[in-house]
Amino acid sequence: MLNKKIRPRVVIVGAGFGGLAAAKRLAGRDVDVILVDRRNHHLFQPLLYQVATAALSPADIAGPIRAIFSGSRNIRVVLDEVVGISTVDGWVKLKSGAKLDYDWLILATGSRHSYFGNEDWSTHALGLKSIEDALAIRRKILLALEHAESETDPRRRNALLTFVVIGGGPTGVEMAGAIAELARRSVSRDFRTITPECSRVVLIEAGDRLLPSFPARLSEAARSSLEDLGVEVRLGSPIRDVGEGYVDSPHELIFSQTVVWAAGVAASPAAEWLGTEHDPNGRIFVERDLHVSGHRNIFAIGDTANAPRRGGGSLPAVAPVAKQQGRFVADLILGRGAKEFTYRDFGNLATIGRSSAVIDMGGIGLTGLFAWFVWSIAHVWFLIGFRSRLAVTVNWLWNYFTYQRSARLIMGEITYSRPQPLRAQPERKSA
Ligand SMILES: Cc1cc2nc3c(=O)[nH]c(=O)nc-3n(C[C@H](O)[C@H](O)[C@H](O)COP(=O)(O)OP(=O)(O)OC[C@H]3O[C@@H](n4cnc5c(N)ncnc54)[C@H](O)[C@@H]3O)c2cc1C
């Protein structure tokens, strides 16, 4: 009788930066891989804000997972959502009811929005995590401009032309800069009653500076570049409430029809599936080789893991960490590579509008146009697929020289009814 070799079965949950990197490393190797994702596409989240502000189309920054692995016979892609894990029997449970057995399990399920216990704010302050989120924000911004064009009530018009971004990390800074360019510059020549001065963009941050993970000098450069674009930056301003058409901050009660939430994230519920220890943001504590304590065959990587950093603290939730961790655990499964994960930090980047960025490369700080070129090249380089790289480059060049936005489409049914009258004065929460 032929003795057929049984290959280890690796289940990877999540085809984001971490899961994709692991699967690529395992492609063509002597293992059977099942890659499960609840979406059919891999998403390049760092450019989501450009979809939300009509500079890029969804397909420019996302690619079908199945197509990425079409040539890898040992990788099976499953479109489904993981809802539980049995560590005793070694399977993951899917929403469809199916179960997938594993010898090795890699959890790379990323993160979700956190409204710090104020879940009712999510209806009014839209988060940015998925293509659907980006399209909802784009619709809101573009509709606000359309309604403002014909609005005759000055208070309502001001609220339509006021855009508030909450959270001064990289996503908030990039969103605020991009909205300012869209609302104050790109569209004003297409409208008859909206001039660049009509629109107001407010960036609200609870801490005392923007981009807290960057050196203070670069935070200051980012603030100054945003102010050059006309963004009002409010620091030390923890918001008290967000409701229909308003944001209540310590400085001011701001009436706005478009509020973007870029303030908080929490890990996926993977820690709950395992019943394991996690930090206050829900990130699973992992050992130095990224396995989950008590489960040598289960790894957690990327945004869903709290991994120790050499020299103390934990690693940041950024794409390069997830990618390097994905490759590392794949090597461990293949029985090669180092025994402990070491993060190689190549720097931190954030862009402000179409010609300014800040970059922190291990003590070397870059700002302005040169930093923006480096940022652009890095982002195009890391996009999946030649088609996306070409499309993004062409779109950026077009935007750069014309100030036009190629994806200014309002999708879905458009309501022509006038927005609800603004409440004279929402009840302010005490500080
Ligand atoms: C708007 C925005 C801008 C950002 N900008 C930058 C930046 O400029 N630079 C940077 O380094 N980082 C940036 N980040 C952070 C970076 O995107 C994340 O750190 C990175 O995506 C983490 O990778 P991951 O693999 O852990 O998770 P993700 O890339 O989020 O992937 C998680 C995957 O898991 C899937 N999934 C989740 N739950 C389930 C489930 N139950 N079942 C099946 N599938 C599931 C999801 O569909 C997704 O495909 C940004 C993030 C956002 C949201």
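A few points on the structure.

Analysis parameters
Sequence positions are assigned chain by chain, starting from 1 and proceeding in written order. Under the rules for a predicted model, residues below a pLDDT of 70 receive no local features and side-chain atom pairs below 80 are neither given nor counted, while totals for whole chains, interfaces and linings still include all residues. Side-chain metrics in this entry use all non-hydrogen atoms of the structure; hydrogen atoms and water are not considered. To sort residues, take the accessible area from a 1.4 Å probe on protein chains only and compare it with the maximum for the residue type: under 20% means buried, over 50% means exposed, and anything in between is partly exposed. Only runs of H or I of at least four residues qualify as helices and only runs of E of at least two qualify as strands under DSSP, and these elements are numbered from the N terminus. Following DSSP output, two strands are said to pair if at least two bridges run between them. Pairing of aromatic rings covers Phe, Tyr and Trp, the last through its six-membered ring, and needs centres within 6.5 Å; plane angles under 30 degrees mean stacked, over 60 mean edge-to-face, and all others mean tilted. To sit over a ring, a charge needs its Lys NZ or Arg CZ within 6 Å of the ring centre and within 35 degrees of the ring normal. Multiplying 1.5 Å by the residue count of a helix minus one yields the expected span of that helix. Contacts are assigned to residue pairs that have any heavy atoms within 4.5 Å of one another. Whether a residue is near a molecule or strand is decided by its heavy atoms; if any one of them lies within 4 Å of it, the residue is near. Here a polar contact is recorded for every N or O atom pair within 3.5 Å, except that within protein the pair must consist of a potential hydrogen donor and a potential acceptor, and residues adjacent in sequence are included only if both atoms are side-chain atoms. Under the convention used here, a 1.4 Å probe and the Shrake-Rupley method define accessible areas, while residue burial counts only the protein chains that appear.

A word on the pairing of strand β25 (residues 357–361)
For step 1, the next point in the chain: Most of β25 is tucked away: four of the five residues are buried.
For step 2, the next point in the chain: Here four bridges tie strand β24 (residues 348–351) to β25, and the two strands are oriented antiparallel to one another. Paired with T351 across the strands is A357, a residue of β25.
For step 3, the next point in the chain: Connecting β24 to the next strand, β25, in antiparallel fashion are five residues, including G353 with a positive phi near 70 degrees.
For step 4, the next point in the chain: Both β25 and strand β26 (residues 364–367) contribute to a ladder of four bridges, which runs antiparallel. From the neighbouring strand, I359 faces β26, where its bridge partner is L366.
For step 5, the next point in the chain: With antiparallel pairing between neighbouring strands as the criterion, β25 and β26 make up a hairpin whose turn holds two residues, including G362 at a positive phi of roughly 50 degrees.

Overview of the packing of aromatic side chains
For any pair of aromatic rings, the description consists of the separation of the ring centres together with the inter-plane angle of the planes.
For step 1, the next point in the chain: Evaluated as defined, the whole model comprises eight aromatic pairs.
For step 2, the next point in the chain: For the ring pair Y115 and W261, a centre distance of 4.7 Å and an interplane angle of 25 degrees mean the geometry is stacked. A residue pair is termed long-range when its members are at least 10 positions apart, and Y115 in the loop between β10 (111–113) and β11 (125–127) and W261 in strand β18 (residues 258–261) qualify at 146 residues. For the pair shown, Y115 and W261 are each scored as buried.
For step 3, the next point in the chain: With a centroid separation of 5.4 Å and 65 degrees between ring planes, the pair formed by W372 and F373 is classed as edge-to-face.
For step 4, the next point in the chain: Taking relative accessible area as the criterion, W372 reaches 9% and is therefore assigned buried.
For step 5, the next point in the chain: For F373, a relative accessible area of 42% corresponds to the partly exposed category.
For step 6, the next point in the chain: Aromatic ring contacts, followed pair by pair, group Y115, F116, W121 and W261 into a single cluster.
For step 7, the next point in the chain: Sitting over the face of the ring of W91, K99 holds its NZ or CZ atom 4.3 Å from the ring centroid.
For step 8, the next point in the chain: If you follow R155 out to its NZ or CZ, it ends over the ring of F255, 5.8 Å from the centre.

With respect to helix α10 (residues 368–382)
For step 1, the next point in the chain: In this model, α10 (15 residues) spans 21 Å end to end at C-alpha, consistent with the 21 Å of a helix rising 1.5 Å per residue.
For step 2, the next point in the chain: Turning to α10, the residues buried within the fold contact α2 (48–52), α6 (170–186), β24, β25, β26 and α11 (386–402).

What to know about the side chain of D331
For step 1, the next point in the chain: Counting through the fold element by element, D331 comes out in helix α9 (residues 319–333).
For step 2, the next point in the chain: On the basis of relative accessibility, which here comes to 12%, the residue D331 falls in the buried class.
For step 3, the next point in the chain: In contact with D331, other than residues within four places in its own chain, are R25 and R336.

Digging into the site of the ligand
For step 1, the next point in the chain: Taken together, 28 residues lie near the ligand, and G18, D37, Q45, V82 and D303 sit nearest.
For step 2, the next point in the chain: Within the contact set of the ligand, an oxygen atom lies 2.8 Å away from a side-chain nitrogen or oxygen of D303.
For step 3, the next point in the chain: Within the backbone of A319, a nitrogen or oxygen atom sits 3.0 Å from an oxygen atom of the ligand.
For step 4, the next point in the chain: Protein chains bury 89% of the 1,000 Å² of accessible surface belonging to the ligand in isolation.
For step 5, the next point in the chain: Residue assignment for the shell around the ligand shows that the elements contributing at least two residues are α1 (17–26) and α9.
For step 6, the next point in the chain: For the shell around the ligand, the leading source of residues is α9, giving three residues.

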